[in-house]
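Single-letter residue listing:
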Amino acid sequence: MIRLEIRNGVQKLTEICDCCKCHLKDLTTNDILVKKASDLTIKDSTGKEVTRTTPREKCYCDHCEH
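Notes on the structure in this doc start here. (Residues numbered from 1 in each chain as written. Predicted model: local features only at pLDDT ≥ 70, side-chain atom pairs only at ≥ 80, totals over all residues. Heavy atoms only, no water.)

A tally of helices and strands in the protein chain yields one helix and three strands. The order of α-helices and β-strands along the protein chain, N terminus first, is β-β-β-α. Burial statistics for the protein chain: of 66 residues in total, 18% are counted as buried. Taking the contacts inside the protein chain whose residues are at least 6 apart along the sequence as the reference set, 30% of them involve residues at least 24 apart. Treating the 12 positive side-chain charges of the protein chain as one cloud and the 11 negative ones as another, the clouds have centres 4 Å apart. (Helix = DSSP H or I, 4+ residues; strand = E, 2+ residues; numbered from the N terminus. Buried < 20%, exposed > 50% of the residue type's maximum accessible area, 1.4 Å probe, protein only. Contact = heavy atoms within 4.5 Å. Lys, Arg positive; Asp, Glu negative; His and termini not counted. Charge placed at Lys NZ, Arg CZ, Asp CG, Glu CD.)

Spelled out as structure tokens, the structure:
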């Protein structure tokens, strides 16, 4: 699961366990970009074209492995 936190105007994206909600790793917008079927060309912050067409899979910590 992805958590968006905004404090004092600073945005923070983190990946958290879908079961217990513990922190797994910090993310950037590049990690979560998804391209819908369209004629638009979507690029990440480094200028590379986004080709991912599905959302991120569910993730679990070592304690909650499913």
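There is more to say after this.
Taken residue by residue, a regular strand's side chains alternate between the two faces of the sheet. By the bridge criterion, four bridges tie strand β2 (residues 10-16) to strand β3 (residues 23-27) in an arrangement that is antiparallel. In the strand pairing of β3, L13 is matched with L27. In textbook terms, the turn of a hairpin is the stretch between consecutive antiparallel strands, and for β2 and β3 this stretch comprises six residues, one of which, K21, has a positive phi near 70°. (Pairing = 2+ DSSP bridges.)

Moving on, we get to the pairing of strand β1 (residues 2-7). Here β1 runs beside β2; their pairing, made up of six bridges, is antiparallel. If you follow I6 over to β2, its bridge partner there is Q11.

The next point concerns the sheet that holds β1. In space, the three strands of this open sheet follow the order β1-β2-β3, with antiparallel pairing throughout. A strand with exactly one partner marks an edge of an open sheet, and here the two such strands are β1 and β3. Pairs of neighbouring strands in the sheet enclose a mean axial angle of 35°, with direction left out of account. (Axes fitted to C-alpha atoms, helices over the stretch in contact; angles between N-to-C directions.)

The full count for this structure, using the stated rule, is two salt bridges. The salt bridge involving E5 is made with R7; its shortest N-O contact spans 3.1 Å. For E5, a relative accessible area of 27% corresponds to the partly exposed category. Among the ionic pairs, E15 bridges to R56, the shortest N-O distance being 2.7 Å. A residue pair is termed long-range when its members are at least 10 positions apart, and E15 in strand β2 and R56 in the segment after α1 (29-32) qualify at 41 residues. Judged by its relative accessible area of 9%, E15 falls in the buried class. Its relative accessible area of 30% is what places R56 among the partly exposed residues. (Salt bridge = Lys/Arg side-chain N within 4 Å of Asp/Glu carboxyl O.)

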